[in-house]
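Secondary and tertiary structure notes
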Amino acid sequence: MSITTIQVPDAESTISLRVKDTGGEGAPVVLIHPWPQRLEIWERQETALVGAGHRVISYDRAGFGESEPSHGEAYDYDRLTQHLHGILEVLDLRDATLVGWSMGGGEVARYVGTHGSERLRGIVLLAAIPPFLLNTPDNPDGPVVDAAWREANEYLANDRDGFLEMIAGAFFSVNGELLVGEEIAAQALAWAKTADPTAIARCQEAFSTTDFRADLAKVDVPAAIIHGDADEMVPLEYSGARAHAALPGSSLVVISGAPHGLGITHADEVNEALLAFVREAPSRA
């Protein structure tokens, strides 16, 4: 197992991303963390996957954790997916399963839409944002109005600690009840505070406004959607359920009572669904 930095393309230059690679000969699984967290959030899934014989790769998104901020303050999904593609190329990962939690699901969708599926065995969207959250004339049921993410970024600019504390609490809560101990919530808050403020703001804009419908239309590998039915941050009906409908043949696992932070609050159920998918998806090697 190693934690190192990898240089990946970033527009006309390169940046350093912190990457954790458990090694091993098993089929690789790449974990892409939620906003505004870092790779440590995946500890429970990593343990289960390694125990099942998989090589697990996770990384801090640009500007988060210990990764270098993106040049030019650019955090659109084309740029972020360029970074993901760079990791797969540097490590020469093949027959890989991409798992994107929340914001990370956007990188998964855009990766297939931009780079295809040659290196992939399958994809997993965990409480993920695709297909499209923004309310627009051609997406009238989108739950996010343009003013909402702008107001959230104003809150972030005026009271960063207060904003991140609110997000950390909502991540693990259902109907105002925190489903984890204070220590876990405090740890998630501490991880979020390591993120670059500009990265947090630009990424909030990106996941709130990016349309992934055309990307999902290009998915030609097995896909699984895992989502909690009590997710108040990215509600199932506006995201996971629609992604399932957009991906013929995909599986949908709905976890009862699970909030957005289901990878921690309902880790056993998430891991069971994740392991079943990666076990059953046929190798393309």
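Refer to the preceding data block for the structure.
The present account deals with the structure reproduced in this document. If you're wondering where the values come from, they're calculated on a predicted model, not measured in any experiment.

The helix and strand inventory of the protein chain stands at eleven helices and ten strands. Relative to a compact globule of 285 residues, whose C-alpha radius of gyration would be 19 Å, the protein chain shows 17 Å and is just as compact. Based on the C-alpha atoms only, the size of the protein chain along its principal axes is roughly 50 × 40 × 40 Å. For the protein chain, buried positions account for 58% of its 285 residues. Restricting the contact set of the protein chain to residue pairs at least 6 apart, pairs at least 24 apart contribute 76%. As displayed, the protein chain has an accessible area near 11400 Å², and 48% of this comes from carbon and sulfur atoms. With 20 positive and 42 negative side-chain charges, the protein chain shows a separation of 5 Å between the mean positions of the two kinds.

For the rest of this paragraph, the subject is the pattern of salt bridges. The final tally for this structure, using the stated rule, is 19 salt bridges. Across the pair Asp146 and Arg150 runs a salt bridge whose closest N-O atoms are separated by 2.7 Å. One end of the pair is Asp146 and the other is Arg150, both in helix H4 (residues 146–158) and four residues apart, which spans about a single turn. Three or more residues joined by partner-sharing salt bridges are found here, namely Arg18, Arg38, Glu40, Asp60 and Glu66.

Tracing the backbone shows Glu107 in helix H3 (residues 104–115). Taking relative accessible area as the criterion, Glu107 reaches 1% and is therefore assigned buried. Engagement of the side chain of Glu107 in a polar contact is seen with the side chain of Arg61, the distance being 2.8 Å. Excluding residues that lie within four positions of it along the chain, Glu107 makes contacts with Ile32, Tyr59, Arg61, Tyr77, Leu80, Thr81 and Leu84.

To continue, consider the packing of helix H5 (residues 160–171) against helix H7 (residues 197–209). In a pair of packed helices, the angle between the axes and the distance between the axes together describe the arrangement. As a packed pair, H5 and H7 sit with axes 12 Å apart at the nearest point and diverge in direction by 50°. By the angle between their axes, H5 is oblique relative to H7. The handedness of the crossing between H5 and H7 is left-handed. Facing H5, whose interface residues are Arg160, Phe163 and Leu164, H7 presents Pro197, Ile200 and Gln204. Looking at the contact of H5 with H7, its residues break down into four nonpolar, one polar and one charged.

Counting 58 residues, the largest nonpolar core has Val30, Trp35, Leu98 and Ile123 as its most contacted members. In terms of residues, this core owes the most to one element, H7, which gives six residues. Apart from the residues within four sequence positions on either side, Val30 is in contact with Ile57, Tyr59, Leu84, Leu88, Leu93, Thr97, Leu98 and Val99. Among the nonpolar cores identified, the runner-up in size contains 30 residues, and Leu126, Ala224, Val270 and Ala281 belong to it.

With that settled, consider the pairing of strand S1 (residues 2–10). Bridge count between S1 and strand S2 (residues 13–21): nine bridges; the pairing is antiparallel. Across the sheet, Ser2 pairs through a bridge with Asp21, a residue of S2. Between the antiparallel neighbours S1 and S2 lie two residues, among them Ala11 with a positive phi of about 60°.

For the rest of this paragraph, the subject is the pairing of strand S4 (residues 55–59). When you tally the buried positions in S4, you get five out of five residues, the bulk of the element. Residues Arg55, Ile57 and Tyr59 line one face of S4 and the alternating positions Val56 and Ser58 line the opposite face, and both faces are buried. Where S2 lies against S4, three bridges are found, and the strand directions are antiparallel. When the sheet's bridge partners are listed, Asp21 is paired in S4 with Ile57. Bridge analysis of strand S3 (residues 28–32) against S4 gives five bridges, and the strand direction is parallel. Bridging from a neighbouring strand, Pro28 pairs with Arg55 of S4. Between S3 and its parallel partner S4, the chain crosses via helix H1 (residues 43–51), and the hand of that crossover is right-handed.

On to H5. Its twelve residues give H5 an end-to-end C-alpha distance of 16 Å, which sits within 8% of 16 Å, the value for a rise of 1.5 Å per residue. For H5, the set of buried residues is Gly162, Phe163, Leu164, Ile167, Ala168 and Phe171. Tucked inside the fold, the buried residues of H5 contact strand S5 (96–101), H4, strand S7 (173–174), helix H6 (182–193) and H7.

Parameters at a glance
- Residues numbered from 1 in each chain as written.
- Predicted model: local features only at pLDDT ≥ 70, side-chain atom pairs only at ≥ 80, totals over all residues.
- Heavy atoms only, no water.
- Helix = DSSP H or I, 4+ residues; strand = E, 2+ residues; numbered from the N terminus.
- Rg over C-alpha atoms; globule rule 2.2 N^0.38 Å.
- Buried < 20%, exposed > 50% of the residue type's maximum accessible area, 1.4 Å probe, protein only.
- Contact = heavy atoms within 4.5 Å.
- Areas by Shrake-Rupley, 256 points an atom, 1.4 Å probe, with all protein chains shown as cover.
- Lys, Arg positive; Asp, Glu negative; His and termini not counted.
- Charge placed at Lys NZ, Arg CZ, Asp CG, Glu CD.
- Salt bridge = Lys/Arg side-chain N within 4 Å of Asp/Glu carboxyl O.
- Polar contact = N/O pair within 3.5 Å; in protein donor to acceptor, adjacent residues only side chain to side chain.
- Axes fitted to C-alpha atoms, helices over the stretch in contact; angles between N-to-C directions.
- Parallel < 35°, antiparallel > 145°, perpendicular 65-115°, else oblique.
- Left-handed = near helix turned anticlockwise from the far one by under 90°.
- Nonpolar A, V, L, I, M, F, W, Y, C, P; charged D, E, K, R; others polar.
- Core = buried A, V, L, I, M, F, W, Y, C linked by side-chain atoms within 4.5 Å.
- Pairing = 2+ DSSP bridges.
- Right-handed = clockwise from strand over helix to strand, strands pointing away.
- Expected span 1.5 Å × (residues − 1).

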